[in-house]
Amino acid sequence: MDRSKPKVVTGENGYVLEDVPHLSDYIDEVDLPTYTNPLQFNPAYAAVKQYFVNSDDTVTQKIVVHESGPRGTHFRRAGPREKVYFKPDEVSACIVTCGGLCPGLNTVVRELVCGLYHMYGVTRVFGIEGGYKGFYSRNTITLTPKLVNDIHKRGGTILGTSRGGQITKRIVDSIQDRGINQVYIIGGDGTQKGALDIYEEIKSRRLKISVVGIPKTIDNDVAIIDKSFGFDTAVEEAQRAINAAHVEAESGENGVGFVKLMGRQSGRFGKEFSASILTILLVYVLNYHNLDAAGFISMYATLASRDVDCCLIPECPFYLEGKGGLFDYMEHRLKEQGHMVIVVAEGAGQKLLRESTQSTEQKDASGNAQLLDIGLWLSQKIKEHFSRKKIVLNLKYIDPTYMIRAIPSNASDNVYCTLLAHSALHGAMAGYTGFTVGPVNGRHAYIPIPRVIETRNQVCITDRMWARLLSSTNQPSFFCKNCDIKAESKEESCGVCENGDHKAHAKPESFAPKPPVGPKSSKPVTANGTSSAQATK
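Because the structure is predicted, anything quoted here is derived from the model rather than measured. (Residues numbered from 1 in each chain as written. Predicted model: local features only at pLDDT ≥ 70, side-chain atom pairs only at ≥ 80, totals over all residues. Heavy atoms only, no water.)

### Considering the packing of helix α7 (residues 326–337) against helix α9 (residues 374–388)
Consideration 1: Relative to each other, α7 and α9 sit at 65°, their axes nearing to 11 Å. Seen from above, α7 lies across α9 with right-handed handedness. Across the interface between the two elements, Leu326, Phe327, Met330, Glu331 and Leu334 from α7 touch Leu378, Lys381, Ile382, His385 and Phe386 from α9.
Consideration 2: The residue makeup of the contact of α7 with α9, split by class, is 7 nonpolar, 1 polar and 2 charged. (Axes fitted to C-alpha atoms, helices over the stretch in contact; angles between N-to-C directions. Helix = DSSP H or I, 4+ residues; strand = E, 2+ residues; numbered from the N terminus. Left-handed = near helix turned anticlockwise from the far one by under 90°. Contact = heavy atoms within 4.5 Å. Nonpolar A, V, L, I, M, F, W, Y, C, P; charged D, E, K, R; others polar.)

Next up, the structure:
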């Protein structure tokens, strides 16, 4: 088996299982003895009716199916197995954290250590400091339940982190020299790509070492899984910034609250905050310096807040000048309400910004595109526009990006991190390798690493959730300059509108009121009561 040939099992009625690698795939069974899972002797599990997951339990990727359709893709269900492939006293595990900070990192580390100790009796657990580079440039640190007992109350990661620095052969050499046989790697898509390379190198050497990836991104854009840890905490903290921006905007003449949040080129922290009568809060979501970012933080924070008048995310292009543009909308909103709240994700408007500054795309150490600062640029453009029109404007700019990244995880994320850590160590003890863990339709599953790194989740702007946001903020969709102007004309397509139908992108009624309708006719009428056709004549 190699990376180009994933393990796929098919069954009746279109059943497909995308299975994860196992040590037995490349090591002879005679060299892979199995042992009784010590969990069945653990007093904490004495009340559990079913200790172990059935070997044929799987989790479906799509929970909604049609009566005559295929059963679809499934993944192996996570959880403890009756037999394990490692004797606890022979296990030597290591944990490494890579990439940017995220609420919950310390919680995952803590639960891996405590789970290995208390559930399986593993007493040799080491931390790799400083990301992938730490494998060959620094010593390991010994992790014990006593050492990690309170780290979940702190933000960041006690192991330190870094981007890049992956020299696969040197990492595997270090793993082999130190006698490590379980490797837990916590990080985003770039880190998981590194984990896949490490697994492939270990497999080529036919080593009995399990490699487990635990996906981490505050932007919630990891493919396949329901959500990533730290996201709930980030949305909750983002609302504090939005509330502050709303207060500032509401207190001044033509006040605009402009908040910049973290978020890569897909958008999600935005819409749980609705627009108040007089406020615009611009929340700018900043995410990890990646051009293909996610706007989920912006979208969900906007929806949660109910104080936001405009949410800008990478998935939905927008423009500034002209009818239906951002400036036009702001003028209308300020005239109606006297203040506004706008939310913008970090990856939003990058094309506009690069064209304006004539800059080229740069990459960070992980190979991610570095985002230009849309927050400062856009806030300056807004000020210049209203200054030219001689309109008073009080704009307050708030950027809580690094505050959000650095806080401890909330209660919801703490519980979630515990489940992720336990699922990971159960899989490693059962001999699975080259996989990542996460909930799929509410059930934790083992997913082949290539499946979570081949693409990223993005906000679907044709989905109901984005429609809910537009309904809450009453903002235009900003698809193109022509959509609102040509809403009735059925002219050529803008590239987003299908078949030239621009009606789907027309501004909400609160922004672009429809012409009055006569009492006896459904045709549009002019101010003097004549139909538009008569007026033309």
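### Details of helix α13 (residues 464–473)
Consideration 1: If you check which residues of α13 are buried, you get Trp466, Leu469, Ser472 and Thr473. Relative to the axis of α13, the buried residues are bounded by an arc of 120° and lie together on one face. Along α13, the residues that are exposed and aim more than 90 degrees away from the buried face are Arg464 and Ser471.
Consideration 2: Phi turns positive, to about 60°, at Asn474, one or two residues after α13. (Buried < 20%, exposed > 50% of the residue type's maximum accessible area, 1.4 Å probe, protein only. Arc of directions from axis to C-beta.)

### Things to note about the pairing of strand β17 (residues 339–345)
Consideration 1: For β17, the tally of buried residues reaches 7 of 7 residues, placing the bulk of the element in the interior.
Consideration 2: On β17, burial covers both faces: His339, Val341, Val343 and Ala345 on one face and Met340, Ile342 and Val344 on the other are all buried.
Consideration 3: The pairing of strand β16 (residues 310–312) with β17 spans 3 bridges and is parallel. Opposite Cys311, over in β17, you have Val343 as the bridge partner. (Pairing = 2+ DSSP bridges.)

### Section: the pairing of strand β2 (residues 15–18)
Consideration 1: Across 3 bridges, strand β1 (residues 8–10) lies against β2 in antiparallel orientation. Bridge pairing in β2 places Val9 opposite Leu17.
Consideration 2: Turn length for the β1-β2 hairpin, with the two strands adjacent in sequence and antiparallel, is 4 residues, and the turn residue Asn13 shows positive phi of about 60°.
Consideration 3: Note that β2 and strand β5 (residues 72–77) share 3 bridges and pair parallel. What sits directly across from Leu17, in β5, is His74.

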